[in-house]
Amino acid sequence: AAKSQGRGNFQFFSAAMNVATHERLMLENRLWLALEQHEFELYLQPQVRLADQAIIGAEALLRWHHPELGLVGPDRFIPIAEESGLILPLGEWVLQQAATLLASWRARGLGHLRLAVNLSARQCHGAGLLPQLDRLLAEHGLDPALLELEITESAAMQDPERSRKLLRELRARGCKVAIDDFGTGYSSLSYLKLFEIDRIKIDRGFVKDIESDPNDAVIVAATIALAHSLGLSVVAEGVETAAQRDFLRAKQCEEGQGYLFARPMPAVQFEALLAAPAEQAG
Ligand code: C2E
Ligand code: MG
Ligand code: MG
Ligand code: MG
């Protein structure tokens, strides 16, 4: 019985794997064309100041309009892009879009808004990022402080020495640097010692259970206090409830991002939201 069961399991897994492999191949084949066909779009998720819920900026989150699958989220294609190398041209496209957005905001009296962009590991460790950034900042005459670059601990720790230099170079240009998904890596504290940064983003995984898990509440409160004593500011990710917001606010967390405030949305919608009279959540 054990043997036949094992066999059944094997067939089950191999069928599931074929589906996964098939999807992966399908996405990978199409991915290279997608950039040329303008199938990518930057969605924007507002970042709010917790004290008064004013929108102070946004995070740019990549979306793919796949001709058959519809809207595909980055968790499904960023890893493939990263492995296949497409992440380099894609990452350049993202930065270029971000610079264009910042320039258009300034032209329309929205010059106070900050835009955060995610960097991939390959982008951080390649040679193209800084020259591209210099070109974009100069070309659009941007205030570098309005461009924030987010890097995850795991990406940075792939080559700590190189990352240390990169982050220093980014900050030397006046750009802001944030650690994304803070607390999910294995080296959060060494990261704080090694790297010069401006902000940490507390991972959604800790924020989620603030109300139900006393350990998470303690970890979040201590992380905020630690960041502040190091002179860093804090953004909380994945804020979904008023109770989470109130907790974070009470702990002096500066900013929040999450479904409570708004979901990621197309740029035109984000701009419409800014024009609309402020609506009180909670
Ligand atoms: P991330 O940078 O940590 O982005 C935050 C993710 O949390 C986003 O998922 C966002 O939609 C989601 N989120 C925000 N608020 C809430 C909430 O209240 N509840 C829940 N459940 N989720 C929330 P998304 O857009 O699917 O992006 C996933 C990841 O893909 C990002 O995580 C980032 O690591 C990566 N990514 C997105 N855009 C880019 C990009 O342009 N370049 C690179 N290299 N990576 C990107
Ligand atoms: Mg991010
Ligand atoms: Mg994150
Ligand atoms: Mg993430």
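Residues numbered from 1 in each chain as written. Chains lettered and ligands numbered in written order. Predicted model: local features only at pLDDT ≥ 70, side-chain atom pairs only at ≥ 80, totals over all residues. Heavy atoms only, no water.

> Could you clarify how one ought to interpret the overall build of the chain in this entry?
Helix and strand counts for the chain come out as 12 helices and 10 strands. Against the compact-globule benchmark of 19 Å for 282 residues, the chain has a radius of gyration of 20 Å, which places it among compact chains. Considering only C-alpha atoms, the chain reaches an extent of 65 × 50 × 45 Å along its principal axes. Counting over 282 residues, the chain shows a buried share of 45%. For the chain, long-range pairs separated by at least 24 residues make up 67% of all intrachain contacts whose partners lie at least 6 apart in sequence. Total accessible area computed for the chain in this model is approximately 14,200 Å², and 55% of it derives from carbon and sulfur atoms. Across the chain, the centroid of the 28 positively charged side chains sits 2 Å from that of the 37 negatively charged ones. (Helix = DSSP H or I, 4+ residues; strand = E, 2+ residues; numbered from the N terminus. Rg over C-alpha atoms; globule rule 2.2 N^0.38 Å. Buried < 20%, exposed > 50% of the residue type's maximum accessible area, 1.4 Å probe, protein only. Contact = heavy atoms within 4.5 Å. Areas by Shrake-Rupley, 256 points an atom, 1.4 Å probe, with all protein chains shown as cover. Lys, Arg positive; Asp, Glu negative; His and termini not counted. Charge placed at Lys NZ, Arg CZ, Asp CG, Glu CD.)

> Is there a simple way to explain the site of ligand 1 in this structure?
Near ligand 1, the surroundings consist of 23 residues, among which Arg63, Asn118, Asp180, Glu240 and Tyr259 are the closest. In this structure, arginine 63 approaches ligand 1 through a side-chain N or O atom, which is 2.8 Å from an oxygen atom. Glutamate 237 is positioned with one of its side-chain polar atoms (N or O) 3.2 Å from an oxygen atom of ligand 1. With the chains in place, 85% of the 800 Å² that ligand 1 exposes on its own is no longer accessible. (Near = heavy atom within 4 Å. Polar contact = N/O pair within 3.5 Å; in protein donor to acceptor, adjacent residues only side chain to side chain.)

> Whenever I open this one, the environment of leucine 137 confuses me. Can you help?
Residue position: leucine 137 is located in helix H5 (residues 129-140). Owing to a relative accessible area of 12%, leucine 137 belongs among the buried residues under this scheme. A C-alpha to C-alpha distance of 31 Å links leucine 137 and aspartate 52, two positions 85 residues apart in sequence. Setting aside its immediate chain neighbours within four residues, leucine 137 contacts Leu142, Pro144 and Cys175.

> Explain the side chain of aspartate 203 here, please?
Structurally, aspartate 203 can be placed in the loop between strand E7 (199-202) and helix H9 (204-207). Aside from chain neighbours lying at most four places away, what touches aspartate 203 is Asp181, Phe182, Thr184 and Glu237.

> Hey, could you run me through the nonpolar core in this one?
Note on soluble globular proteins: their nonpolar side chains tend to be buried together. Grouped together as the largest cluster of nonpolar side chains are 77 residues, with contacts concentrated most on Ile197 and Leu248. Considering every element that reaches this core, the biggest residue donor is helix H3 (residues 87-107), with 11 residues. Those residues in contact with isoleucine 197, other than ones at most four positions away along the chain, are Leu167, Arg171, Val177, Ile179, Tyr191, Leu192 and Leu232. (Core = buried A, V, L, I, M, F, W, Y, C linked by side-chain atoms within 4.5 Å.)

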